[in-house]
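# Structural overview
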Amino acid sequence: MLHRGGMCRYGFAHYKPHHACFACRKAFKRRLRDDVDPSGDEHPARCPECGALMAEMGLDFQAPPRGKVKAWRVLETLWEVGETFHSCGCGGPGYRPRDPAALRAFLREIIAGYRRNLTAWQAETEPRRAENRLEAIAAWSRRIARAEAALQRLEG
């Protein structure tokens, strides 16, 4: 769904980024640097409870209740494999699993998609894309390895 003349809703205002601390099972919206000190340095988001670096989850992220430990583990695994809740705000980030069984199926699907992307880059012969080829192959290989490791942890 498009808003206001075809632009995405997150394009009209600056929203506070959503962060999560998996150790404390807490989520926060962080103030923007421009709201605090526009000329100041950018600092990584740290959990106010434990001080650990927080994961930037995307504007469409909604944290589960703190007591839902399995749901938080699912979110942490999604973060580890690079699947967060970023979107332009129009249609959302797409399906994200909420329980371990759905996560296993989701990981199998994304691994298959990552492999298709890797295969496409390995077969790439167009000269104007050649400079990105090795970087893309390495990036897709890393994503496959992270997703396969997460799946093995879940199944092991």
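## Description of the pairing of strand β1 (residues 18-21)
Going residue by residue along β1, you find H18 and A20 tucked away on one face and H19 and C21 tucked away on the opposite face as well. Of the pairings in the sheet, the one linking β1 to strand β2 (residues 26-29) comprises four bridges and is antiparallel in character. The partner of H19 across the bridge, within β2, is F28. Where β1 hands over to β2, the hairpin turn is made up of four residues, of which R25 adopts a positive phi near 55 degrees. Of the pairings in the sheet, the one linking β1 to strand β3 (residues 55-56) comprises two bridges and is antiparallel in character. The residue of β3 that forms the bridge with A20 is A55.

## Section: helix α4 (residues 130-155)
Its 26 residues give α4 an end-to-end C-alpha distance of 37 Å, which sits within 8% of 38 Å, the value for a rise of 1.5 Å per residue. All of the buried residues in α4 are A136, I137, W140, I144, A147, A150 and L151. On the buried face of α4, the contacting elements are α2 (69-80) and α3 (100-123).

## Here we look at the nonpolar core
F22, M57, L75, L78, L107 and I110 are the most contacted members of the largest nonpolar core, which has 26 residues in total. The set of elements that each furnish at least two residues to this core consists of α2, α3 and α4. Looking at this core, the element that brings in the most residues is α3, giving eight residues. Residues in contact with M57, not counting those within four places in the same chain, are H18, A20, F22, L75, W79, T84, F85 and H86. Residues C21, C24, C47 and M54 belong to the second largest nonpolar core, which totals five residues.

## A closer look at the layout of surface pockets
Here the largest pocket is characterised by a volume of approximately 340 Å³. A per-class count over the lining of the largest pocket returns eleven nonpolar, two polar and three charged.

## Observations regarding the state of the cysteines
All chains considered together, the criterion is met by zero disulfides. C24 forms no disulfide, and the closest cysteine sulfur to it belongs to C50, at a distance of 3.6 Å.

## Section: α3
A rise of 1.5 Å per residue sets the reference length of α3, with its 24 residues, at 34 Å; its end C-alpha atoms lie 34 Å apart and thus fit the reference within 8%. Taken together, the buried positions of α3 are A102, L103, F106, L107, I110, I111, G113, Y114, L118 and W121. Those residues of α3 that are buried lie in contact with α2 and α4. Its side-chain oxygen 3.1 Å from the backbone nitrogen of A101, D99 forms the N-cap of α3.

Conventions we followed
- Residues numbered from 1 in each chain as written.
- Predicted model: local features only at pLDDT ≥ 70, side-chain atom pairs only at ≥ 80, totals over all residues.
- Heavy atoms only, no water.
- Buried < 20%, exposed > 50% of the residue type's maximum accessible area, 1.4 Å probe, protein only.
- Helix = DSSP H or I, 4+ residues; strand = E, 2+ residues; numbered from the N terminus.
- Pairing = 2+ DSSP bridges.
- Expected span 1.5 Å × (residues − 1).
- Contact = heavy atoms within 4.5 Å.
- Core = buried A, V, L, I, M, F, W, Y, C linked by side-chain atoms within 4.5 Å.
- 1 Å grid on protein atoms, 1.4 Å probe; cavity = no way out; pocket = protein on both sides within 12 Å on 5 of 7 lines; lining within 4 Å.
- Points joined across faces, edges and corners; volume = space filled by probe spheres on them.
- Nonpolar A, V, L, I, M, F, W, Y, C, P; charged D, E, K, R; others polar.
- Disulfide = S-S within 2.5 Å.
- Polar contact = N/O pair within 3.5 Å; in protein donor to acceptor, adjacent residues only side chain to side chain.

From the geometry alone we can't say anything about function, so treat these as descriptive.
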